[in-house]
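Residue-level structural notes
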Amino acid sequence: MADILVYIEHDADGITDLSLQCLAKARQLAGCCGGKTVGAAVLGADAEKVAAEVIARGADVAFAVEDAALADYLPKPYAAALAQLLEQQPARLLILPASTVGNDVGPLLAGRLDAGCVVDCSDIACDGTVCTFKRLDFDAQAYTLYRNAGGGLAIVTCKDGIAEAAAAGAGGGEAVSVTVAIGAEEQSTTLDRREVARKTVNLKDAKVIIGGGAGVGNAANFQLLEQLASKLNAEIGATRAAVDAGWVSHERQIGQTGVTVRPDLYIAVGISGAVQHVVGIRDAKQIIAINNDPSAPIYKMAHYKIVGDLNSVVPKLVDLLS
Amino acid sequence: MACNSIVIAREVWDTRDLLPGVVSGNALNEGALSKRFEPEDLNALEMALQIKDKQGGKVTVLSVGAVRDVDVLREALFRGVDEVVRVVPPTNELDTAGQAALLAAAIRKLGTFDLVLVGVSVPEGENSLLGAEVAARLGVDQITYVDSLVELGADSALCKREIEMGSEFIRAKLPAVLVMGVYLLTDDPRTPRSAKAMLKLKMKKAPIPEWTAAELGVELSGAKIVVAGFEAIPRRQIDTKDVDPESGAALKAMLDEVL
Ligand SMILES: Cc1cc2nc3c(=O)[nH]c(=O)nc-3n(C[C@H](O)[C@H](O)[C@H](O)COP(=O)(O)OP(=O)(O)OC[C@H]3O[C@@H](n4cnc5c(N)ncnc54)[C@H](O)[C@@H]3O)c2cc1C
Ligand SMILES: Nc1ncnc2c1ncn2[C@@H]1O[C@H](COP(=O)(O)O)[C@@H](O)[C@H]1O
């Protein structure tokens, strides 16, 4: 059994970084809240292979659950499998990445098991006996502090930045295969198709990022941003508006359903500053915002406010850098 | 194919553009906050009304708890829903699990339904787990982060779901819970309609039925997750500098500073 269980999300590119961050957080918490051992739940195709990798990242035990019904992520069979795993291997705390998987299956499982649930935690603090789950709220002015008063299993999802993922090491834990039985009633939801981009850029480690939004206007105009990017050795990022319009590939989306970035410099071009975008750039050291609307919310977090048409401002910057 | 929808509507803190001072010490300064109709719940309501406009059926709206500033149920009546019910909790210390238990019981009491629609909510101060907690209690299919309804058949709903590196198309068996995470474009056909003046007059005083936990046969076992307090985050001091785009010197100075 494990006191803290971490749900490991993995895809063709391997284990997601956020899952490894959750694992590292669990390691920090081991020893507090009455528990010591950290387990990992690895579901789906390749679970056994991934479980071995998870051991190298610091799990004491990794439970590999493979089943035909788990080939693709879907909430019901995954909740059923996790419920059965928890029955066999009880835990006090289940940590999942706050992704569209973790925030989907976590609350569903909580509902099924009547467990306490908190989503989107930025931190988990422990005073030796009780865990406090901290969620960033109120326009980032405060954390709301949640506690598990019920005493039973708590299910929490954690956001990017929860801890630094551990490098792969030797690892002394063991991988265990777990068998589950997933009935037909758990297989009523089906995946028609999934359209996802493969990651080829690494925005997370970029020092300078130029983010383009709906204001850029069209795909061709992203050329302007690329010219600036080449002068600054920068990467191109974008808002969901620009991605949905098809001007930029999905892997460049920054924000709630995109990546969280921490560059030294972020240049927001034609971006209004919606909360779902801003959560992804809050930790940028410096922000320059270019927008033709002097009251755009993005300026609240900008160090440099340039009110003007991006079509003239961006070329000027390119010239100055030439 | 007529479709009966149940929409869950919540009144939530308006967490946009807050002035400093929302949290002092360990407590929330509620006077500094206003309330609004959960915007994603409004998107959910709009989807229900559009389904009804297109293929008939009934729209019922549920809400838990007393009205604070915004009466979401009356707002729903002003937009043309057929029925509303306020669920009265036994205590104000209700966690999401408690809300979900009450809602699931109310939905059962309403009888058969095809869809339950609710918002997923934005991060930072709004709750995104209610839909799944309700789905779990009803034992029906769920799709969260729903961007749009692609196809609604007699026994299934196909939805586009927004995920990290793209999107996926999920088919749920009816009845199902759809948790909306709509991102509205300019002139978006999914934009929530506003209240209708005529309905405002007609529904201003319409009685709103209330169902208590006891009537629903729900016994809550006490909140599992409690709010232990708040912790103010020191404001990141940002001295925003205005840079004149017409001045090459000003732009140059800015570049020199940041690079
Ligand atoms: C569940 C959910 C998840 C989401 N996840 C994300 C996410 O991960 N990332 C994300 O970015 N969004 C996300 N969104 C969408 C988000 O709410 C916003 O709609 C989006 O960020 C807006 O993008 P934008 O700023 O490019 O567009 P807009 O809000 O349309 O802003 C465009 C800006 O460009 C300016 N502009 C126009 N023309 C010019 C010009 N010529 N020169 C200068 N400025 C100009 C305008 O003044 C305006 O401020 C999500 C939404 C939902 C519901
Ligand atoms: N939008 C919201 N986001 C987070 N918590 C909320 C929100 N609305 C209400 N609450 C919480 O619900 C509880 C009851 O709120 P109230 O009835 O306004 O005192 C409080 O603990 C609030 O923190």
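All of the points below concern the structure found in this document. (Residues numbered from 1 in each chain as written. Chains lettered and ligands numbered in written order. Predicted model: local features only at pLDDT ≥ 70, side-chain atom pairs only at ≥ 80, totals over all residues. Heavy atoms only, no water.)

To continue, consider the overall build of chain B. Looking only at helices and strands, one finds 7 helices and 15 strands in chain B. Its C-alpha atoms give chain B principal-axis dimensions of about 70 × 45 × 40 Å. When burial is assessed residue by residue, chain B has 56% of its 259 residues classed as buried. Within chain B, contacts between residues separated by at least 24 positions form 70% of all contacts whose residues are at least 6 apart in sequence. When the accessible surface of chain B is split by element, carbon and sulfur atoms take 52% of a total near 11,300 Å². Separation of charge centres in chain B, based on 30 positive and 39 negative side chains, amounts to 6 Å. (Helix = DSSP H or I, 4+ residues; strand = E, 2+ residues; numbered from the N terminus. Buried < 20%, exposed > 50% of the residue type's maximum accessible area, 1.4 Å probe, protein only. Contact = heavy atoms within 4.5 Å. Areas by Shrake-Rupley, 256 points an atom, 1.4 Å probe, with all protein chains shown as cover. Lys, Arg positive; Asp, Glu negative; His and termini not counted. Charge placed at Lys NZ, Arg CZ, Asp CG, Glu CD.)

This paragraph deals with the site of ligand 1. Residues and elements named next belong to chain A. As a structural note, the neighbourhood of ligand 1 is formed by 29 residues, with Ala 214, Thr 239, Ser 272, Gln 276 and Asn 291 the closest of them. A distance of 2.6 Å is found between an oxygen atom of ligand 1 and a side-chain nitrogen or oxygen belonging to Thr 239. Within the contact set of ligand 1, an oxygen atom lies 2.7 Å away from a side-chain nitrogen or oxygen of Gln 276. For ligand 1, whose unbound accessible area comes to 990 Å², protein coverage reaches 83%. Elements with a minimum of two residues in the shell around ligand 1: helix 6 (240-244), helix 7 (275-278) and helix 8 (310-321). Here the shell around ligand 1 is built from residues that sort into 8 nonpolar, 17 polar and 4 charged. (Near = heavy atom within 4 Å. Polar contact = N/O pair within 3.5 Å; in protein donor to acceptor, adjacent residues only side chain to side chain. Nonpolar A, V, L, I, M, F, W, Y, C, P; charged D, E, K, R; others polar.)

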